[in-house]
Amino acid sequence: MIETELEALNFHDAPKMVSPEFPGTKAAAALTQSARTESMVRGGGRMPVVMDRAFGVTFKDPDGNTFIDLSAGVGVSSVGRCHPKVVAAIREQSESLMHAMEVNHLLNTPYTAADDVAAVIVEPVPGEGGYVPPSPEFLQLLRKACDRSGALLIVDEVQAGAGRTGKMWSVEHSGVKPDMLTFGKGVGGDVPMAGLVMRSDLAAKIPDGSAPNTFAANSVSAAVALTNIGILEDPALDLLNRAHTLGLEAQERIRDFGSPFVGEVRGRGLMIGIELVEDKATKEPLQGERLGKLMGYLTSHGVLMIPCGRYTNVMRVMPSLTIPRKLMFKALDIFGEGLSRL
Ligand SMILES: Cc1ncc(COP(=O)(O)O)c(C=O)c1O
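Digging into the site of the ligand
In step 1: Neighbouring residues of the ligand: Glu123, Glu128, Asp156, Val158, Gln159 and Lys185.
In step 2: Here a nitrogen atom of the ligand and a side-chain polar atom of Asp156 are 2.7 Å apart.
In step 3: Between Gln159 and the ligand, the recorded distance is 2.7 Å, taken from a side-chain N or O atom to an oxygen atom.
In step 4: For the ligand, the protein covers 51% of the area, taking 400 Å² as the surface of the free molecule.
In step 5: Looking at the shell around the ligand residue by residue, the class counts come to one nonpolar, one polar and four charged.

Regarding the packing of helix H9 (residues 239-256) against helix H11 (residues 325-340)
In step 1: Where H9 contacts H11, the axes come no closer than 11 Å and their chain directions differ by 25°. The orientation of H9 with respect to H11, classified from their angle, is roughly parallel. In terms of crossing hand, the pair formed by H9 and H11 is right-handed. Contact residues: Arg242, Leu246, Glu249, Ala250, Arg253 and Ile254 in H9; Arg325, Met328, Phe329, Leu332 and Asp333 in H11.
In step 2: Residue classes in the contact of H9 with H11 are distributed as six nonpolar, no polar and five charged.

Examining the sheet that holds strand E12 (residues 314-317)
In step 1: Pairing in this open sheet of four strands is antiparallel, and the strands run E8-E9-E12-E11 from one edge to the other. Among the strands making up the open sheet, the edge pair consists of strand E8 (262-268) and strand E11 (307-308).
In step 2: Pairing between strand E9 (residues 271-276) and E12: four bridges, direction antiparallel. Paired with Gly273 across the two strands is Arg316, which belongs to E12.
In step 3: Lying over the sheet, helix H10 (residues 288-300) contacts E9, E11 and E12, oriented at roughly 25° with respect to E12.

Conventions adopted
- Residues numbered from 1 in each chain as written.
- Predicted model: local features only at pLDDT ≥ 70, side-chain atom pairs only at ≥ 80, totals over all residues.
- Heavy atoms only, no water.
- Near = heavy atom within 4 Å.
- Polar contact = N/O pair within 3.5 Å; in protein donor to acceptor, adjacent residues only side chain to side chain.
- Areas by Shrake-Rupley, 256 points an atom, 1.4 Å probe, with all protein chains shown as cover.
- Nonpolar A, V, L, I, M, F, W, Y, C, P; charged D, E, K, R; others polar.
- Axes fitted to C-alpha atoms, helices over the stretch in contact; angles between N-to-C directions.
- Helix = DSSP H or I, 4+ residues; strand = E, 2+ residues; numbered from the N terminus.
- Parallel < 35°, antiparallel > 145°, perpendicular 65-115°, else oblique.
- Left-handed = near helix turned anticlockwise from the far one by under 90°.
- Contact = heavy atoms within 4.5 Å.
- Pairing = 2+ DSSP bridges.

All quantities given are derived from atomic positions and should not be read as evidence of function.
See the structure below:
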């Protein structure tokens, strides 16, 4: 029942390639144009994929090709793109108010002694670093070290947060309570939203009006964030537990491909990293040429995945939490087929 509901929030024909060549003529023209005009601060890497219209975990390019997106815009679309409830929240809020004025021993390093450290900031599950979940003990040790020296423990939940790992915040897997927590991406989804929450006694120390911000308190972003959180916490959908079980099944499917190029398959919930290697024993990263071939296969067969890690050899499975099972496994099977052709 829930699967049928989730499927209805996607273009029904994904993935489907209809242009005689890929990228098609319209996408190729858009790529040429963006190469000339895009900001130099955009993320590295460029894929021949142009998004024209999006719905759920699927999107269409300007040539009419339909894709399954396993990247969710680098983990941004936690509830899928253009969710009807989100669109309604934007419509309703934008008709009343949009911008409102703001009213409101581990630590010993070659450079610092433990007592000099003001704060430690850590991603409980590193994102760009390669999707390597640490053991719970790692964060517990950091907590102890911070407590001993008086440093604050700040966790960055921008990529791993908002339910992606099967808990609302990935730090919860360790039982550790941070002093501050940053969030972004998945809380906002279709609109920009980021924030910092902290222990109330710390917040009380910040003088009123000492950290002004022009675009804080954007009402449309706030309405969308609340809608997203409502969808993530909807007991009928149970998206967080679903992320946990679907993630485990996805990891199993990937291992079952039995590819000689797959090293470690790891992650929590729908934050899965697939390490691609030349040699399972030495873990030598997959050569660029082979990675390029795989990426080409994926995009030309309607699947969007993005790599991460120091050697750009860890493929990410980080779809919206609303991804229908059917689309998840369709996309993974295309990935498996791509692997078998390397
Ligand atoms: C863990 C983490 N923190 C912070 C950021 C930066 O977020 P933003 O680009 O919204 O500033 C990212 C972006 O990928 C991230 O993955």
